2 protein chains.
Amino acid sequence: MSSIGQHKDSIAFKNIATHILTQGKCYQDLRVLCKTIGHRLSGSAQASKAVEWAEQTLREAGCDTVWLQPVQVPVWRRGEEHLALKFSKEGDFIDVPMSSLGNSEGTGGRLLKAPIVMVRSFDEFEQLSKEAVEGKIIFFNYPFRQDFAHTFPGYGDAVKYRWQSPMIAGKKNVAGIIIRSISTGEDDYPHTGSTKYEDGSPRFPAVAIGNKTADKLEKACLKGNTEAILKSECRMQGTAMSFNVIGEITGSSKPKDFILVGGHLDSWDIGEGAHDDGAGCVQSIEVLRAYKQLGIRPKHSIRAVMFMNEENGLKGGLAYADSALARKEKHVFALESDAGGFSPRGIETTMSKKQREQFKKYIPLFLPYGVYNFDEEGGGADVSPLKKQGVVVGELLPDSQRYFDVHHTDNDVFETVNHRELKLGAAAMAMLIYVVDQHELLD
Amino acid sequence: MSSIGQHKDSIAFKNIATHILTQGKCYQDLRVLCKTIGHRLSGSAQASKAVEWAEQTLREAGCDTVWLQPVQVPVWRRGEEHLALKFSKEGDFIDVPMSSLGNSEGTGGRLLKAPIVMVRSFDEFEQLSKEAVEGKIIFFNYPFRQDFAHTFPGYGDAVKYRWQSPMIAGKKNVAGIIIRSISTGEDDYPHTGSTKYEDGSPRFPAVAIGNKTADKLEKACLKGNTEAILKSECRMQGTAMSFNVIGEITGSSKPKDFILVGGHLDSWDIGEGAHDDGAGCVQSIEVLRAYKQLGIRPKHSIRAVMFMNEENGLKGGLAYADSALARKEKHVFALESDAGGFSPRGIETTMSKKQREQFKKYIPLFLPYGVYNFDEEGGGADVSPLKKQGVVVGELLPDSQRYFDVHHTDNDVFETVNHRELKLGAAAMAMLIYVVDQHELLD
């Protein structure tokens, strides 16, 4: 990289940052998405409204073309749900905050009453006899490890207790499952999220409780005589037609080569899906808007993709990759933002060693914006099917400290997103795309 | 630095981070400070309670010695205050959120009614004749520049309109001053903070309004016929005796050489002084507590200092430095945390070039904790008087995006502080002190 080239890039970066920080609309967009539509689980009426909103917002951002890509999505409905726990032999049943896990089965609206058996790990569960757990509600009490300096390793460590518990427990004919939320929060918000049963195994209820209730239940279980009464209506309800929403700026010299920037439009059915992943959607739109307003003409065609159904099926990511394959679209790079609208710190990618070394020459340009970490390996969930086709994928790495306090909870609302952090994340994405596009780093 | 030495440091860093993230008490300490004492302006009853709290908390943290250092502080009292604005000739006066600037004079409880003259800069004010502004209320409408990637440069740019406006305007016999708050917030919180009159000049009221009210007033002023009615009781009320609170761990090999870590105990008289600077206080205490609990024996004596009166006088910082000089105490390094309890990113210092190069060898140890920026020049306000004695000083650099949304407002409360961000900041401080102490980098 010549010093003249570096100087030109540095000016472009400054223009991008100034424009987005002072005139960016992503924060206002997020307010509209969160406050006029709210949460938007795949197949819901709100998800349909979000599709309309995304289409219109991408048009207003100045995209050359905007279109909807059909996606068949699974439909899961929550309905009413109540959990009451008895913390001691003599005590009364007490209602506690809870959330059924996504894709799980409810009690069909009937009362399920059963004793609770606490285990702290899958190993501990495996050591219990079938007789000891049959007909019982198993409390998987595995805490989120807070000793990691960043929270994603802790999430990666604990989330198996949300995802796999029904598969593991299903072998022994349990009546239901309660998990300690996959949460860093020093509070009592239950965190939902997808779970999975073994194919063909019986489907029993699986719910999450907040950390404070889990602490209380843990103490009670050590003394024995804990019981639960659960009533819930959640169930799978077939499939529905939905859409990915795509906006494109046509490339000036390589219009048939694509760079993708995206987030997912669906969210869980609690809270407002503000950080997860309204933030990624409005940031992706901001990238294209900034390019248009600043007159940056990309060499490659740049697409902003709002994926549908990341949360409980990934059908949008799969449909996009299938379409790209069928149409023989060459994707150069696919960047997702799905780790919250916090201050950007870096990017994880699947670049080869050689590509990464090439890219790292540009790090000094990013440092003034607090973006310094380009060493991590990984990429966003929605772009992972493209990775299987050999495309280099990536994900924005925002500061991770606050994410798992609010992730998949009623508390993931617009008010927890900071306007400057959100905008700076969009600016970092625009800068990253700029370097990959203008210097043809991954062609 | 040998690779064995580096490995040993790396283990020490990991132990510090794990201990503070999983067993640190700074977040609980902050809750107590904010919720049982609340805001604590110098000379107030709450400031006295905060002194007691700090002394007790430092003792419980295991300090070898804890003592109070007398500080004579100025006393400013707010009292009742009301501002009503008339936004058009025909309109009514409307009450708006406002905050008198710290150390400013009120209306003595009487009604001050005057037309408003808006200026956007000191230059613009200077160009107005005395006749044009005499007896008027001047609206200094200078917005916080949001185009900087970090917020402190924007604060540095705008804060002169809080600090100097009475000095500038006082020359032309104005009736009072309204400033647009020094704020990044997209809201209407007024931000207080110190201001200053020219010695011997008349003291007139000076108040801040929030950004939304300022936007509205700006529009109204462009049309003309704006008026204000102000009633306020704020005034200086002499001085009072107060204290810096100091806890110390005695050094093992250099007990007469000191390393200081600190924050300021006083706050403005609105909000709870959570980020500013409860955070810095509880983090400093955490450093000493972690050393004790982890069995780290520092070579130098380590002091945690809770300074009094940073906000409206700096008398604590001055008293500490005076005492150090009088007692011929050799200070090796003085680190302050006074930029909010956000995720740590780096440290600014007054190290010489040579010292900095030496120190930078240790950067790889900090990177896993997201702390990467050691290039900035500067140091905390309370330790700046030590700098004049030749001591190397520094300040923790947390992520700055959210700070000036809440700084000096009713919204600087415990709930805006994240437990992990606060703890990670304390860990970064403990690591930094560890390197400076164990490797005698600044001796």
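Residues numbered from 1 in each chain as written. Chains lettered and ligands numbered in written order. Predicted model: local features only at pLDDT ≥ 70, side-chain atom pairs only at ≥ 80, totals over all residues.

Novice: Which residues make up the overall build of chain A, and what values do they have?
Specialist: Scanning chain A for helices and strands turns up 16 helices and 15 strands. For chain A, whose C-alpha radius of gyration is 23 Å, the value lies close to the compact-globule estimate of 22 Å for 443 residues. Dimensions of chain A along its principal axes, counting C-alpha atoms only, are 75 × 40 × 35 Å. Taking contacts inside chain A between residues at least 6 apart in sequence as the whole, the part at least 24 apart equals 82%. (Helix = DSSP H or I, 4+ residues; strand = E, 2+ residues; numbered from the N terminus. Rg over C-alpha atoms; globule rule 2.2 N^0.38 Å. Contact = placed C-beta atoms within 7 Å.)

Novice: Explain the pairing of strand E6 (residues 137-140) of chain B to me, using residue names and the numbers behind them.
Specialist: All names here are of chain B. Neither face of E6 is open: one carries Ile137 and Phe139, the other Ile138 and Phe140, and all of them are buried. Taken together, the four bridges between strand E5 (residues 112-119) and E6 define a ladder with parallel strand orientation. Its bridge partner being in E6, Val117 is matched across the sheet by Ile138. Relative to strand E7 (residues 176-180), E6 is paired through four bridges, and the arrangement is parallel. Of the residues in E7, the one forming a bridge with Phe139 is Ile178. (Buried ≥ 20, exposed ≤ 12 C-beta atoms within 10 Å, placed from the backbone. Pairing = 2+ DSSP bridges.)

Novice: Describe in detail the domain arrangement of chain A, supporting the description with residues and values.
Specialist: All names here are of chain A. Domain boundaries assigned for chain A yield domain 1 (3-76 + 238-438) and domain 2 (82-233). Each partner contributes to the interface: domain 1 provides 15 residues, whereas domain 2 provides 17 residues. At three residues, helix H15 (residues 403-406) tops the list of elements feeding residues into the side of domain 1 that touches domain 2. Taken together, the residues that form the side of domain 1 that touches domain 2 break down as five nonpolar, seven polar and three charged. (Domains from an automatic or database assignment. Nonpolar A, V, L, I, M, F, W, Y, C, P; charged D, E, K, R; others polar.)

Novice: I'd like a description of the interface of chain A and chain B, backed by residues and values.
Specialist: At the junction of the two partners, chain A supplies 23 residues and chain B supplies 23 residues. Every element with two or more residues in the side of chain A that touches chain B is listed here: helix H1 (3-23) and helix H16 (419-438) of chain A. Looking at side-chain class alone, the side of chain A that touches chain B contains seven nonpolar, nine polar and seven charged residues.

Novice: Which residues make up the packing of helix H2 (residues 26-37) of chain A against helix H3 (residues 45-60) of chain A, and what are the values?
Specialist: Residue and element names in this part refer to chain A. Running from amino to carboxyl end, H2 crosses H3 at an angle of 155°, the nearest separation of the two axes being 11 Å. When the axes of H2 and H3 are compared, the pair comes out roughly antiparallel. Considering the relative orientation of H2 and H3, their crossing is right-handed. Listed contacts from H3 to Asp29, Leu33 and Ile37 of H2 are Gln46, Lys49, Ala50, Trp53 and Thr57. Taken together, the residues of the contact of H2 with H3 break down into four nonpolar, two polar and two charged. (Axes fitted to C-alpha atoms, helices over the stretch in contact; angles between N-to-C directions. Parallel < 35°, antiparallel > 145°, perpendicular 65-115°, else oblique. Left-handed = near helix turned anticlockwise from the far one by under 90°.)

Novice: Give a detailed account of unusual backbone geometry, specifying residues and quantitative values.
Specialist: The amide bond that connects Asp276(A) to the next residue, Asp277(A), takes the cis arrangement and shows omega of 0°. When you line up the elements, Asp277(A) lands in helix H10 (residues 274-294). At Asn103(A), a position not held by glycine, the phi torsion is positive, near 75°. Among the residues examined, Asn103(A) registers 21 C-beta atoms within 10 Å and is labelled buried. Phi is positive for Glu440(B), close to 50°, though the residue is something other than glycine.

Novice: Break down the environment of Phe122(B) for me, with residues and values.
Specialist: With respect to the secondary-structure elements, Phe122(B) resides in helix H4 (residues 122-127). Distance in space between the C-alpha atoms of Phe122(B) and Ala169(B) is 8.7 Å, their sequence separation being 47 residues.

Novice: I'd like a description of the relation of the copies chain A and chain B, backed by residues and values.
Specialist: One chain copy maps onto the other through a rotation about an axis and a shift parallel to that axis. Structural alignment of chain A on chain B gives an RMSD of 0.0 Å, achieved by rotating through 180° and translating 0.0 Å along the axis. What we have between these two chains is a two-fold relation. Scanning chain A for the C-alpha nearest the rotation axis identifies Tyr372(A), at a separation of 3.8 Å. The residues that chain A uses at the interface reappear at the interface of chain B in 100% of cases, marking a shared surface. (Least-squares fit on C-alpha atoms with pLDDT ≥ 70 in both.)

Novice: Now, about the sheet that holds E6(B): what can you tell me, with residues and values included?
Specialist: All names here are of chain B. As summarised here, the arrangement of the eight strands in space is E3-E2-E9-E5-E6-E7-E8-E4, forming an open sheet in which the pairing is mixed. The open sheet has two edge strands, strand E3 (93-96) and strand E4 (98-100), and neither has a second partner. Across the sheet, the mean angle separating the axes of adjacent strands is 30° when strand polarity is ignored.

Novice: Lay out the nonpolar core with the relevant residues and their values.
Specialist: Counting residues in each nonpolar core, the largest one holds 127 residues, and the members touching the most others are Leu30(A), Ala430(A) and Ile433(A). For this core, the element with the most residues is H16(A), which contributes 13 residues. Domain assignment of the residues forming this core places at least three in each of domain 1 (3-76 + 238-438) and domain 2 (82-233) of chain A. Setting aside anything within four residues of it in sequence, one finds Ile433(A) in contact with Ile259(A), Val261(A), Val287(A), Ile302(A) and Leu335(A). The next biggest cluster of nonpolar side chains, apart from the first, holds 126 residues, and it includes Ile16(B), Ala17(B), Leu85(B) and Ile177(B). (Core = buried A, V, L, I, M, F, W, Y, C linked by C-beta atoms within 7 Å.)

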